[in-house]
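Residue-level listing of the chains:
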Amino acid sequence: MNAKEVFSKTLIFGWIKLGIGLLNILIALALFALLIGISYLFKSGGVGAILFFVWLGVVGIVNFFMNHYIGYLVKAGHVAVIVAAFQTNAVPADPVHTGKAMVKERFGTSNVYFIIDKLIAGSVKQLQRTLGRLSGGLFDAIPGTNGLKNLMNLFLDISLGYIDECCLGYTFNHPEQNAFKSAADGVAIYFKNWKTLLKDAAKTAFTVIISVAVITLIAFVLFGGLFRLFEWSGFVAFVISLLLAWTVKYAFVDSWILVKMMSSYMQIAPTTQITFDLYGKLCGWSTKFKELWQKGGGQTSLTPVYPLEVSPPTMDIANGEASVTRFCPDCGAQSKATAAFCGSCGAKTNFA
């Protein structure tokens, strides 16, 4: 199945996400109307300001519960069904029921899922920051590139959110294995293919930004015109427009990009071979990955771990001199400090 077919046949998850988002908006509007009424009764600007901050706090709590508990589990079910679709070349007849069953079987309780999801997200971001130090110096050396660097970081942050879900999806590939161990494998697969996956993710980040901008503009034209007709607050119209745009993005844009990213990841994952010593290196570069690996029953004493920029000294017995060995930033294999290309994967090392 291609990505378009998987997206269309799992669109039920998008509608569920839309329902969650619209319920969030309705609750926010109802609370806002209630607090406006209370403020009107007191006829005090000070009370109105206090109630506004109360409204923000309550809406934040409701949004956190809806998205971080109900929404997260819906996302996990969607990820599970997408994995099954690419593995079996068919979408289950009842994708919602199947996704729910797969998540329950794989993680047992929602708490386990939340822990794994957070550890995956933390691992990916920490490892990406480590990898970023290899190329970060290029921008630091060029004056006036802070704006470009900040823009790239924005794209990177958006992109990594979809990569997290790909790594989470890998946990459904091996149901016989500890979920934490499978999640660690999923992150290791990302690390070995980070250039390819991040390139695909960066394209999706641009799609996200453009989509949200267009949806917000359309929503503001509609709500702005309606509020202007009734002489209501333009600021409230703008807030509602943002909420609606974010809801549509969360329901449909995110779902489409999730399918596309998982399609790329599922093509790479089966052919990726993880070297045994890579886990030890990743544990040294990311505390979150180390925690994930240890919860999966792994040991962190697999191999001496050194930062990417610092290499361990070894003794050249023939010459009686200390030499330096470094690890390839692409595949993690050992390379001599003078090697221009990795002897394992052929990638440029930038050591020479």
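Residues numbered from 1 in each chain as written. Predicted model: local features only at pLDDT ≥ 70, side-chain atom pairs only at ≥ 80, totals over all residues. Heavy atoms only, no water.

Visitor: How would you summarise the overall build of the chain if you had to cite specific residues and measurements?
Guide: For the chain, the count of helices and strands is 11 helices and three strands. Seen in sequence order, the chain has helices and strands lined up from the N terminus as α-α-α-α-α-α-α-α-α-α-α-β-β-β. Summing over all exposed atoms, the chain offers an accessible surface of approximately 18,600 Å²; the carbon and sulfur share of this is 65%. (Helix = DSSP H or I, 4+ residues; strand = E, 2+ residues; numbered from the N terminus. Areas by Shrake-Rupley, 256 points an atom, 1.4 Å probe, with all protein chains shown as cover.)

Visitor: Describe in detail helix α7 (residues 179-192), supporting the description with residues and values.
Guide: Here α7 spans 20 Å end to end across 14 residues, near enough to the 20 Å set by a 1.5 Å rise per residue. When you tally the buried positions in α7, you get 14 out of 14 residues, the bulk of the element. In this structure Asn-178 caps α7, since a side-chain oxygen of it lies 2.7 Å from the backbone nitrogen of Phe-180. (Expected span 1.5 Å × (residues − 1). Buried < 20%, exposed > 50% of the residue type's maximum accessible area, 1.4 Å probe, protein only. Polar contact = N/O pair within 3.5 Å; in protein donor to acceptor, adjacent residues only side chain to side chain.)

Visitor: Pulling in residues and values, what's your account of the nonpolar core?
Guide: Judged by nonpolar contacts, the single largest core of 69 residues is most densely connected at Ile-120, Ile-163 and Tyr-190. Top contributing element to this core by residue count: helix α3 (residues 45-88), with 11 residues. Each residue touching Ile-120, except ones within four places of it in the same chain, is listed here: Asp-164, Cys-167, Leu-168, Ala-183, Val-187 and Leu-292. (Core = buried A, V, L, I, M, F, W, Y, C linked by side-chain atoms within 4.5 Å. Contact = heavy atoms within 4.5 Å.)

Visitor: Hey, could you go over the pattern of salt bridges for me, with residue numbers and the actual values?
Guide: Per the stated rule, a full pass over the model turns up four salt bridges. A salt bridge links Lys-181 to Asp-185; the shortest N-O distance between them is 2.8 Å. Pair noted here: Lys-181 and Asp-185 are both in helix α7, with a separation of four residues, about one helical turn. Looking at Lys-181, the relative accessible area reads 18%, which means it is buried. We classify Asp-185 as buried; its relative accessible area is 6%. Lys-249 serves as the salt-bridge partner of Asp-254, at 3.3 Å between the closest nitrogen and oxygen. We classify Asp-254 as buried; its relative accessible area is 14%. Taking the relative accessible area as the measure of exposure, Lys-249 reaches 8% and is therefore buried. (Salt bridge = Lys/Arg side-chain N within 4 Å of Asp/Glu carboxyl O.)

Visitor: Now, about the confidence of the model for the chain: what can you tell me, with residues and values included?
Guide: For the chain, per-residue confidence averages 76 on the pLDDT scale, and residues scoring 70 or more make up 73% of the total. Considering only residues more than four positions removed or in separate chains, one finds that residues 300-324, a stretch of pLDDT under 50, has 44 contacts. (pLDDT = per-residue confidence, 0-100.)

Visitor: I'd love a proper account of helix α11 (residues 287-295), names of residues and values included.
Guide: Among all positions in α11, only Phe-289, Leu-292 and Trp-293 are buried. Along the long axis of α11, the arc covered by the buried residues comes to 95°, so they all point the same way. Between the side-chain oxygen at the start of α11 and the backbone nitrogen of Lys-288 there is a gap of 3.4 Å, and the oxygen is on Ser-286. In the segment just after α11, Gly-297 is the residue with positive phi, at about 90°. (Arc of directions from axis to C-beta.)

Visitor: Residue-level account of the side chain of His-78, with values.
Guide: Structurally, His-78 is set in helix α3. When near neighbours in sequence (up to four residues on either side) are disregarded, His-78 contacts Thr-10, Phe-13, Lys-17, Ser-255 and Leu-258.

Visitor: Could you give an account of a nonpolar patch on the surface, with specific residues and numbers?
Guide: Together, Phe-206, Ile-210, Val-214, Ile-218 and Leu-222 line one region of the surface with nonpolar side chains, adding up to about 490 Å² of accessible area. In this structure, Leu-222 sits in helix α8 (residues 194-229). (Patch = residues over 30% accessible without salt bridge, like charges linked within 9 Å, V, L, I, M, F, W, Y side chains within 5 Å.)

Visitor: Could you give an account of the packing of α7 against α11, naming the residues involved and the relevant values?
Guide: For any two helices packed against each other, one specifies the crossing angle of their axes together with the interaxial distance. Where α7 contacts α11, the axes come no closer than 7 Å and their chain directions differ by 140°. Considered as vectors, α7 and α11 are oriented oblique to each other. The chirality of how α7 crosses α11 is left-handed. Packed against α7, whose contacting residues are Phe-180, Lys-181, Ala-183, Ala-184, Val-187 and Ala-188, the element α11 presents Phe-289, Leu-292, Trp-293 and Lys-295 at the interface. Its residues assigned to classes, the contact of α7 with α11 comprises eight nonpolar, no polar and two charged. (Axes fitted to C-alpha atoms, helices over the stretch in contact; angles between N-to-C directions. Parallel < 35°, antiparallel > 145°, perpendicular 65-115°, else oblique. Left-handed = near helix turned anticlockwise from the far one by under 90°. Nonpolar A, V, L, I, M, F, W, Y, C, P; charged D, E, K, R; others polar.)

Visitor: Please provide a residue-by-residue account of the layout of surface pockets, values included.
Guide: The calculated volume of the largest pocket comes to roughly 1,100 Å³. Along the wall of the largest pocket there are 36 residues; nearest its centre are Tyr-72, Trp-246, Lys-249, Tyr-250 and Asp-254. Looking at the lining of the largest pocket, the elements that each hand over two or more residues are α2 (11-42), α3, α5 (110-140), α6 (146-170), α8 and α9 (234-268). For the lining of the largest pocket, the leading source of residues is α3, giving nine residues. A class-by-class count of the residues in the lining of the largest pocket yields 18 nonpolar, eight polar and 10 charged. (1 Å grid on protein atoms, 1.4 Å probe; cavity = no way out; pocket = protein on both sides within 12 Å on 5 of 7 lines; lining within 4 Å. Points joined across faces, edges and corners; volume = space filled by probe spheres on them.)

Visitor: So what's going on with the environment of Phe-13? Residues and values would help.
Guide: Examined against the element boundaries, Phe-13 turns out to sit in helix α2. In this structure Phe-13 comes out as buried when scored by relative accessible area, which is 3%. In the structure, Phe-13 is positioned 65 residues away from His-78 in sequence and 6.3 Å away in space, judged by C-alpha atoms. Non-local contacts of Phe-13, meaning those with residues more than four positions away in its chain, are made with Val-74, Gly-77, His-78, Val-81, Pro-95 and Val-96.

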